[in-house]
Amino acid sequence: MGITEIPLDKLDTEAFIEQQVAAIREAAADGIAMSALSGGVDSAVVTLLAHRALGTRLKSYFIDTGLMRENEPQQIVDWFAALDVKVEVVDAADRFFEALRGLTDPERKREQGITQPFYKDVFADLLRRANANILLQGTNFTDVQETAAGVKRQHNVFTQIGIDPQKAFGYKVLEPILALRKPAIRAVGRALGLPTELAQRPPFPGPALAARIIGEVTRERVAIVRQATAIVEEGLCDSGAFQYLAVLHQDRVTGVRDGKRDFGYQIEIRCWDSQDAVTAVPTEIPFARLRALADRITGTVPGVVSVTYHIAAKPPSCIEAV
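About the thresholds
- Here the residue numbers are simple positions, counted from 1 along each chain's written sequence.
- In keeping with the model being predicted, local features are shown solely for residues with a pLDDT of at least 70 and side-chain atom pairs are shown and tallied solely at 80 or more, while totals for entire chains, interfaces and linings include all residues.
- Water and hydrogen atoms were dropped before computing side-chain values, which therefore reflect all heavy atoms in the structure.
- Helical segments are the DSSP runs of H or I of at least four residues, strand segments are the runs of E of at least two, and each set is numbered from the N terminus.
- Between buried and exposed lies partly exposed: a residue is buried under 20% and exposed over 50% of the maximum accessible area for its type, with that area taken using a 1.4 Å probe on protein chains only.
- Contacts were defined at the residue level, with two residues in contact if any of their heavy atoms lie within 4.5 Å.
- For our purposes a nonpolar core is just a set of buried Ala, Val, Leu, Ile, Met, Phe, Trp, Tyr and Cys residues, chained together by side-chain atoms within 4.5 Å.
- Axes here refer to lines fitted to C-alpha atoms; in helices the fit is confined to the stretch in contact. Angles between the N-to-C directions go from 0 to 180 degrees.
- Working rule for handedness: look at the near helix, and if it is turned counterclockwise from the far one by less than a right angle, call the crossing left-handed; if clockwise, right-handed.
- The rule for pairing is simple: two strands pair if DSSP sees at least two bridges between them.
- By convention a crossover is right-handed if, when the strands point away from the viewer, the path from the first strand over the helix to the second runs clockwise.

*Asks:* Quick rundown of the environment of His51? Include the residues and the values.
*Replies:* With respect to the element layout, His51 can be found in helix H2 (residues 41-54). The exposure class of His51 is partly exposed, given its relative accessible area of 26%. Considering only alpha carbons, one finds His51 and Ile24, 27 residues apart in sequence, at a separation of 9.7 Å. Other than its neighbours up to four places away in sequence, His51 contacts Leu58, Leu83, Asp84 and Val85.

*Asks:* Outline the nonpolar core, listing residues and values.
*Replies:* Counting 93 residues, the largest nonpolar core has Ile63 and Phe80 as the members making the most contacts within it. Excluding anything up to four places from it in sequence, Phe80 contacts Leu37, Ala44, Thr47, Leu48, Val85, Val87 and Leu198. Formed by seven residues, the second largest nonpolar core is a distinct cluster that contains Phe242, Leu245, Val247 and Trp272.

*Asks:* Give a description of the side chain of Lys182 that names residues and reports values.
*Replies:* Turning to its location among the elements, Lys182 is positioned in helix H8 (residues 182-192). Once you skip the residues sitting within four places of it in the chain, Lys182 turns out to touch Val41, Asp42, Asn140, Pro203 and Phe242.

*Asks:* Lay out H8 with the relevant residues and their values.
*Replies:* Judged by how many residues are buried, H8 sits mostly within the fold: eight of eleven residues are covered. Looking at H8, one finds that the buried residues are Lys182, Ala184, Ile185, Arg186, Ala187, Val188, Gly189 and Leu192. Residues of H8 that are buried sit in contact with helix H1 (13-28), H2 and helix H9 (196-199). Just beyond H8, the residue with positive phi is Gly193, at close to 95°.

*Asks:* Can you explain the packing of H1 against H2? Please cite residues and give values.
*Replies:* A pair of packed helices can be characterised by two numbers: the angle between their axes and the separation between those axes. With their axes 8 Å apart at the nearest point, H1 and H2 run at an angle of 65° to one another. Judged by the twist between their axes, the crossing of H1 over H2 is right-handed. Of H2, the residues touching H1 (which contributes Ile17, Gln20, Val21, Ile24, Arg25 and Ala28) are Leu49, Ala50, Arg52, Ala53 and Leu54.

*Asks:* Could you give me a rundown of the pairing of strand S3 (residues 87-91), with the residues and numbers involved?
*Replies:* Pairing geometry for strand S2 (residues 58-64) and S3, over five bridges, is parallel. Residue pairing for S3: Ile63 is matched across the bridge by Val90. Once you follow S2 into helix H3 (residues 72-81) and on to S3, the crossover reads as right-handed.

*Asks:* With reference to specific residues and values, describe the pairing of strand S7 (residues 253-257).
*Replies:* Pairing geometry for S7 and strand S8 (residues 260-273), over five bridges, is antiparallel. Counterpart to Thr254 in the pairing with S8 is Phe263. Taking the residues between adjacent antiparallel strands as the criterion, S7 and S8 are bridged by two residues, where Asp258 takes a positive phi near 55°.

*Asks:* Describe unusual backbone geometry, with residues and values.
*Replies:* Of all residues except glycine, most have a negative phi; of all peptide bonds, most are trans. Following Lys314, the chain continues into Pro315 via a peptide bond in cis, with omega recorded as -15°. Examined against the element boundaries, Pro315 turns out to sit in the segment after strand S10 (304-309). For the bond running from Pro315 to Pro316, omega is 10°, close enough to zero to count as cis. Within the secondary structure layout, Pro316 lies in the segment after S10. Unusually for a residue other than glycine, Asn131 sits at a positive phi of about 60°. Secondary-structure assignment places Asn131 in the loop between helix H5 (106-130) and strand S4 (134-136). The exposure class assigned to Asn131 is exposed, which follows from its relative accessible area of 65%.

The structure is reproduced here in structure tokens:
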């Protein structure tokens, strides 16, 4: 892959921060750069590194793809305002739902429905508006490793698989945390002053809830998995797990409501114990707790009649569904 990992036990956070701040300043020179926030710790750390390096010459955007968690755009704006970083929310939902229309294959959804709209359209337009030519993003070591191995194409991996962003999209992409995995990224975030609730957030994929919908991504289906996600995150936030999420299945199943047949949706709960996302095992959640989550999901999320719990390890499974 051409990248040397810096594991947590070898990481000097202050030295790393100094090195990356200097590298960002050198790359930007006297110009303007842009950071793309997704709501996760990776892009949050990159944004704070870039803010420390460039101050007001950094333009930070949260792209509301229509695929985000409940209240996420405003939550991110508020968190970063408290850190003296101004974040502008960009409504791009229509563009993404149009790109995702009719797509069911996981790789086509990632490439055509997520990567191309982000980099060819939304980011390129924002960079032109800001008169910037550098995009900072939170690609990490695991993203590159899984893409290079052919497990799945991460939407934010380019140079490492032979794609030159300058030629493909017309601008340079800078990846300050490329050598780190999640535990090391969290450590850098804490050193930068990220609030604990953000530094310790469970990982959230770049394609957002589109990575948790099997089959076509529509507004209706996103609304369902968004509600289920809120319930799962609230119900498992104190579990100590590495990551927890809800998946919406493509097939419907027969259920019963008020003594009548209800042909409805299936939600799958996943909860993982892991250190680096390379390997993971399902968290042993008490059955009563799972039942309570299932009762709440079927009782409050419209159309859901079935809730299951994922019990296969990674490998051969993956943490995300798509």
